[in-house]
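Tertiary structure, described
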Amino acid sequence: MSQTLRDNLKRLLAPRHLAFVGGRSMARALKRCAEGGFAGDLWLVNPQHAQIDGVPCVASIDQLPCGPDAVFVATHRELTLDCVAQLAAKGAGGTICYASGFAETGAEGQALQQRLLQAAGDMALLGPNCYGLLDYLHGAALWPVAHGGQQVERGVAVLTQSGNFAYNLSMSDRSLPVAYMASVGNQAQLGIAELMDVLLDEPRVTAIGLHLEGLKNVPGFAKAAYKALEKGIPIIALKTGVSQIGAELALSHTSSLSGSDALYDALFQRLGVIRVSGPVSFVETLKAASCGQLPAGPQLMALACSGGDAGLIADYAERNGLELPKLASEQCQALAQVLPGYANLVNPLDFTTAIWGDAQALQQMLDTVLGSAADSAMLVLDYPAEFTGERKECDLLLELFCAALQRHGKRGFVTSAFPELLPAAARERLHALGIPALQGVEDGLAAWGRIAAYQGRRQALLELGEAALVPLCPEALEGTGQLLDEWQSKQALREFGLRIPEGLLSTPEQALSAAAAVGYPLVLKAVSVELPHKTEAGAVALNLKDPEALGAALRQMRARIAEHAPGVVFDRVLLEPMAAPPLAELIVGIKREEHFGLALVIGAGGVLVELLKDSRSLLLPTHPAAIRQAVLQLRSAALLQGFRGRPAADLDALVAAIGAVADYACEHAATLLELDVNPLLVGARGTVAVDAMIRLGRV
């Protein structure tokens, strides 16, 4: 992103004046900005009317008094091109293009979108085919329809590839403090990555929420996400396209890319992005992060006035990695002076309804509990219906809890057992004080658990160093490419440090003399690019102990290949020493996802590949420490760590072997289509690759 474009994007995100190009709907949009508190100049551009619904019109873009900082263009696609060119010439900061009919429709639309980009030049352009931008920090609603929400002093930024998701989120009754909400549409120029990068420079943005179908700029996203990691700004992602049908839907919507979900997991884990499963967990996790005051760790002091609520807290806290430290003896003694004798003095604390409405007793109880060293505190509070007249006691407890948090310098949140029983007035009051108001004890504790885990995970990722590496994103390759045979594949990987058996390439006729140099027992394999799956073709013979066994194996192999693959010429064989039984067999491979990146896949290998489906993925380039961590996260990792009295694996050698495969892949990123090392035999004194396959494409 050029500096001029970056400066113009900042103008779009902090506008001094707004312009709307279009008809009646744009007059209404302008009025909403005025009513919503936008303090700058507002102009409506329409060449056919002097005024619309009482809003005076400027006849053309060139008659505007200056180049507006932000413009919403709501015209058909051909006229949109002209408007964008005129705005760029006028010196506008940025524009939202509402029209559809561009790249999402096919080749003709793609050509129009390219012309749109050329017309914009260095002017910031959001869209086309998008709802636009809601800016609640400045009261600027570059949006075609009504919206919920209100101006805030600080809050989260939400970026989505679905305009309807943004519309519905703005209307939701969850009191999420939103600083910005952008529908990115086709991302012709500005995408998720570019917006994130600039939004992270706004100190009033406390977290970023992403509703994704796919990423178009993985390296740019990785850079922006690492910037967020360094700043301690959580990123919460709701990624669709997990199922096969979901992936197909995403591919056809707003011309976005939906990549392999496993690779998105790898990308998010590498960068500390918090992934959630649905809209409710998305909003509640954003609320937990929205105050900008994150818990330092997982320890939690929990309060409720019901044993049932305390039981729910205990269950959900454990499920979400939150720790409930025991009350100290001094705390129990102090609480016994305030609470009735039947109160159970544990964490979570059911402080009972005996002191309900008693300000002095409640404050003494809160000061005793919040005086602990726990990282944060929570209160479960369900408001009764307003007609009961019993809300004042809830308001009192809320006020006392908030004051106690501030007095003790402790992070905390309030939630309710039932989502609808924390009313809007209470939520707004809490958020004004920087205290998250979470709705539903199950969702609330899950959200807090994610944010608490983020803090520890963030520090570990920064120390690991892998997050700072920008993922490779090679160009797409056409065709099936060229397959290297096993000998060629092994020799190529050997140059990068991968240990392979000391074998010899020979012919069937010379195999007996070559075997004498290799030594018995040995392995015999047919070598041909036409036999990528040698075992099924009978092209592998193991543990041949003498020349007689080798001769028989050669005859049998010739016959089986002729039967299985009659067109394959049996003219080359590989002779290798028989490897000692390993502690474990792994598979190491490279997966190429076009427009996304290269992934290093590490998993249980040999015959267990399909059975266990036990693997971890790392995007390239990676780091030795990340490789070691991925290996130890395998379900089968116990086999490498002295399982049942067996020796432990040489992990340093294993990590080096996997690193050699990764180094080869990085060096050949432009042409590598596929790579498999299976099995990689892991021993107590080294690691050896006994089979390998490489497929290369043409640039």
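Since this is a predicted model, take the numbers as computed values, not measurements.

Moving on: the environment of glutamine 510. With respect to the helices and strands, glutamine 510 occurs in the loop between strand 21 (504–506) and helix 18 (511–518). Looking at glutamine 510, the relative accessible area reads 49%, which means it is partly exposed. Note: C-alpha distance between glutamine 510 and arginine 572 (62 residues apart in sequence) is 9.7 Å.

A few words on the UniProt feature "domain: CoA-binding" (unreviewed entry) in the chain. The feature "domain: CoA-binding" (unreviewed entry), as annotated in UniProt, sits at residues 12–102 in this numbering. Between the end C-alpha atoms of residues 12–102 there is a gap of 22 Å, over a span that is 31% helix and 26% strand.

Moving on: the pattern of salt bridges. Scanning the model with the defined rule gives 32 salt bridges in all. Among the ionic pairs, aspartate 265 bridges to arginine 275, the shortest N-O distance being 2.9 Å. Of the two residues, aspartate 265 is situated in helix 9 (residues 261–271) and arginine 275 in strand 14 (residues 274–276); the sequence distance between them amounts to ten residues. Residue class for aspartate 265 comes out partly exposed when judged on its relative accessible area of 29%. Note that glutamate 284 and lysine 287 form a salt bridge whose closest N and O atoms lie 3.1 Å from each other. Remark: lysine 287 and glutamate 284 occur in helix 10 (residues 279–290); sequence separation between them is three residues, near one turn of the helix. In terms of burial, glutamate 284 and lysine 287 fall into one category: buried.

Within helix 21 (residues 624–632) the residues assigned to the buried category are Ala626, Ile627, Ala630 and Val631. Burial along helix 21 is one-sided: seen end-on, the buried residues are contained in an arc of 140 degrees.

Attention shifts here to the packing of helix 10 against helix 16 (residues 441–464). The N-to-C vectors of helix 10 and helix 16 enclose an angle of 55 degrees; their axes lie 8 Å apart at closest approach. Comparing the axis directions of helix 10 and helix 16 gives the class oblique. Two packed elements cross with a definite hand, and for helix 10 against helix 16 that hand is right-handed. On helix 16, the residues touching Val280, Ser281, Glu284, Thr285, Ala288 and Ala289 of helix 10 are Asp443, Ala447, Trp448, Arg450 and Ile451. Its residues assigned to classes, the contact of helix 10 with helix 16 comprises six nonpolar, two polar and three charged.

What counts and what doesn't
Residues numbered from 1 in each chain as written. Predicted model: local features only at pLDDT ≥ 70, side-chain atom pairs only at ≥ 80, totals over all residues. Heavy atoms only, no water. Helix = DSSP H or I, 4+ residues; strand = E, 2+ residues; numbered from the N terminus. Buried < 20%, exposed > 50% of the residue type's maximum accessible area, 1.4 Å probe, protein only. UniProt positions renumbered as here; feature names shortened; annotations may be inferred. Salt bridge = Lys/Arg side-chain N within 4 Å of Asp/Glu carboxyl O. Arc of directions from axis to C-beta. Axes fitted to C-alpha atoms, helices over the stretch in contact; angles between N-to-C directions. Parallel < 35°, antiparallel > 145°, perpendicular 65-115°, else oblique. Left-handed = near helix turned anticlockwise from the far one by under 90°. Contact = heavy atoms within 4.5 Å. Nonpolar A, V, L, I, M, F, W, Y, C, P; charged D, E, K, R; others polar.

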